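# Structural overview
Here are the chains, one letter per residue:
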Amino acid sequence: MDTATVARFEANRNRLASLAYRLLGSAADAEDTVQDAFLRWQAADRDHVEVPEAWLTKIVTNLALDRLRSAKVRRERAVGAWMPEPLLDGDPMLGPADTAEQRESVTLAVLMLLEQLTPVERAVYVLREAFSYSHAEIADILGISESASQQHAHRAKRRITAARNGTGTDHAAARRIVEAFVAAASSGRTEQLVALLTADATGASDGLGGTARKLVRFIGPSRLAIAMRAGFRPDTIRRHLDGRLPDFHAALVNGCPALVFTLDDRVLSVAIMEVRDDRIAGLRAIANPARLARFAQRWQRTDHDSPLIEAW
C-alpha cells in the first residue's frame, strides 16, 4: 500500500478501536480486530470502495461479531469470571464522549449488561447510541432490514436503561468520591461505608490477584461494606505484599470514579465505582494482570494525582 492508503486507515484507527472495544469489552481483542481489519483493507480492491470509513466500520463490526460468536469467547465468558478491561481517562479507545449516551456506553456497568444481549442487539445499540449511525446505515452494516434494526435498538436500550450510573463525572468529583470511600473503608467502621452506598448497592471482584475462578459478588450495602472493610485491613494487605502497603490513587476510569492500587507505581488493581445520586451504587474490582495490561501501560505514561496517603 502507498503512504496515502495507510494514512487513510490510520486516520480511522482510534474510532475503529473504540467501536471494537465497546462491542467486545476487551482492549486486547479490540486491537486484534482492528489489525485484522487492516489486513482486509490491505487486500481489498480499494478502487471499488466508495466510502472507506463506512467500509472499515462494516468490516470491524462484523469481525467483532464473529469473535463474540466464537466458541472460545463463549466458553471464556460462560464460566462467570469475565469482566471488561478498564481504560484510564484519556485513552483514545474510549472514543466519543460528547453525549450522555456515548459516555454511558463505555461504563463497565453497561459493558457488563451488553453481555446479556445477542451479538446483533449489542452491535445495533453501540452503532446507534455511541456512534449515531442511522438505522438505514446500521441495516447495511449488519445485513438486516431497517425495521429489524429499530426493533433490536428498542430491546437493547430498554435493558440498558437501568445501568445509567456514573456518567458525566469529572476529575474533581471523582477524587472527592474516592477520598470519601477510602476514609470510610479505612476507618474500621462499616457503618461509615454503608452510608456511602445506595440501598441496592452491589459489588464484584475477580479475586486477589485476579485469580478467582468465578467473580466474587456482593449483594446489598452491608455485605459490600463488610467485604471492602476487610480488604482495607493493613495487616491483611501486608501479608500479601511482603510487609508493604500500596499507594491509593483517585482516577477516572471508563468515565467513572476509581481507586487505583499501586506498588512502586506498578498497578496492582483497580476498583471502579458507579455513582447514583452522590452515592456508590456499584463497585467492580479488577486485579487480573492480563485485564489490566493496557491500563497499566497508560498509567506509566500519564501524569496522575498524588497518592491518598492522608486517607490511609
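Residues numbered from 1 in each chain as written. Predicted model: local features only at pLDDT ≥ 70, side-chain atom pairs only at ≥ 80, totals over all residues. Heavy atoms only, no water.

- Looking at an unreviewed UniProt entry, one finds the chain named RNA polymerase ECF family sigma subunit and attributed to Nocardia ignorata.
- Turning to the chain, the UniProt record has this under Sequence similarities (unreviewed entry): "Belongs to the sigma-70 factor family. ECF subfamily."
- The Subunit (unreviewed entry) field of the UniProt record for the chain holds the comment "Interacts transiently with the RNA polymerase catalytic core formed by RpoA, RpoB, RpoC and RpoZ (2 alpha, 1 beta, 1 beta' and 1 omega subunit) to form the RNA polymerase holoenzyme that can initiate transcription." (UniProt positions renumbered as here; feature names shortened; annotations may be inferred.)

## Some points on the overall build of the chain
- A count of helical and extended segments in the chain gives 14 helices and six strands.
- Against the 2.2 N^0.38 benchmark of 20 Å for 312 residues, the chain shows a C-alpha radius of gyration of 20 Å, consistent with a compact globule.
- The 312 residues of the chain split such that 50% are buried.
- Contacts in the chain between residues at least 24 apart in sequence constitute 67% of all its contacts with a sequence separation of at least 6.
- Carbon and sulfur atoms provide 50% of the accessible area of the chain, an area that totals close to 14600 Å².
- Placing the 41 positive and 40 negative side-chain charges of the chain at their respective mean positions leaves the two points 7 Å apart. (Helix = DSSP H or I, 4+ residues; strand = E, 2+ residues; numbered from the N terminus. Rg over C-alpha atoms; globule rule 2.2 N^0.38 Å. Buried < 20%, exposed > 50% of the residue type's maximum accessible area, 1.4 Å probe, protein only. Contact = heavy atoms within 4.5 Å. Areas by Shrake-Rupley, 256 points an atom, 1.4 Å probe, with all protein chains shown as cover. Lys, Arg positive; Asp, Glu negative; His and termini not counted. Charge placed at Lys NZ, Arg CZ, Asp CG, Glu CD.)

## Some details on the pattern of salt bridges
- Under the defined criterion, the tally for this structure stands at 15 salt bridges.
- As a salt-bridge pair, Asp-200 and Arg-276 come within 2.6 Å of each other at their nearest N and O atoms. Of this pair, Asp-200 sits in strand β1 (residues 197–205) while Arg-276 sits in strand β5 (residues 266–276), placing them 76 residues apart in sequence.
- Taking the relative accessible area as the measure of exposure, Asp-200 reaches 46% and is therefore partly exposed.
- Notably, a salt bridge pairs Asp-264 with Arg-244, separated by 2.8 Å at the nearest N-O pair. Linking Asp-264 in the loop between β4 (256–263) and β5 with Arg-244 in the loop between α13 (234–240) and β3 (247–253), this pair joins segments that are 20 residues apart in sequence.
- A relative accessible area of 58% places Asp-264 in the exposed class.
- Look at the salt bridges and you will find they share partners, linking Asp-29, Asp-36 and Arg-67 into a network. (Salt bridge = Lys/Arg side-chain N within 4 Å of Asp/Glu carboxyl O.)

## Focus on the UniProt feature "domain: RNA polymerase sigma factor 70 region 4 type" (unreviewed entry) in the chain
- Within this structure's numbering, the places UniProt gives as "domain: RNA polymerase sigma factor 70 region 4 type" (unreviewed entry) are residues 109–160.
- End C-alpha to end C-alpha, residues 109–160 measures 9 Å, and it is 79% helix and 0% strand.

## Re the packing of aromatic side chains
- The tally for this structure, following the rule as stated, stands at four aromatic pairs.
- Judged by centre distance (5.7 Å) and plane angle (50°), the rings of Trp-41 and Trp-55 are tilted. Linking Trp-41 in helix α2 (residues 27–43) with Trp-55 in helix α3 (residues 52–69), this pair joins segments that are 14 residues apart in sequence.
- Look at Trp-41 and you get buried, because its relative accessible area is 3%.
- In this structure Trp-55 comes out as partly exposed when scored by relative accessible area, which is 24%.
- The positively charged end of Arg-46 is found above the aromatic ring belonging to Trp-41, 5.8 Å away from the centroid. (Phe/Tyr/Trp six-rings, centres within 6.5 Å; stacked < 30°, edge-to-face > 60°. Lys NZ or Arg CZ within 6 Å of the ring centre and 35° of its normal.)

## Observations regarding the UniProt feature "domain: RNA polymerase sigma-70 region" (unreviewed entry) in the chain
- The UniProt record marks residues 9–72 with the feature "domain: RNA polymerase sigma-70 region" (unreviewed entry), using the residue numbering of this structure.
- Secondary structure across residues 9–72 divides into 83% helix and 0% strand, with the first and last C-alpha atoms of the span separated by 29 Å.

## What about the domain arrangement of the chain?
- For the chain, the assigned domains are domain 1 (3–163) and domain 2 (171–300).
- Opposite the 25 residues of domain 1 that make contact, domain 2 presents 25 residues.
- Carbon and sulfur atoms make up 59% of the surface buried where domain 1 meets domain 2, a total of about 2100 Å² over both sides.
- Three residues stand out in domain 1 for area buried against domain 2, namely Met-83, Pro-86 and Leu-88, and they jointly supply 33% of the buried area on that side.
- The interface formed by domain 1 and domain 2 includes two salt bridges.
- Where Arg-294 meets Glu-31, a salt bridge forms, and the shortest distance between an N and an O atom there is 2.6 Å.
- The interface formed by domain 1 and domain 2 includes eight residue pairs in polar contact (both at pLDDT 80 or more). (Domains from an automatic or database assignment. Buried area = accessible area lost by both parts, 1.4 Å probe. Polar contact = N/O pair within 3.5 Å; in protein donor to acceptor, adjacent residues only side chain to side chain.)

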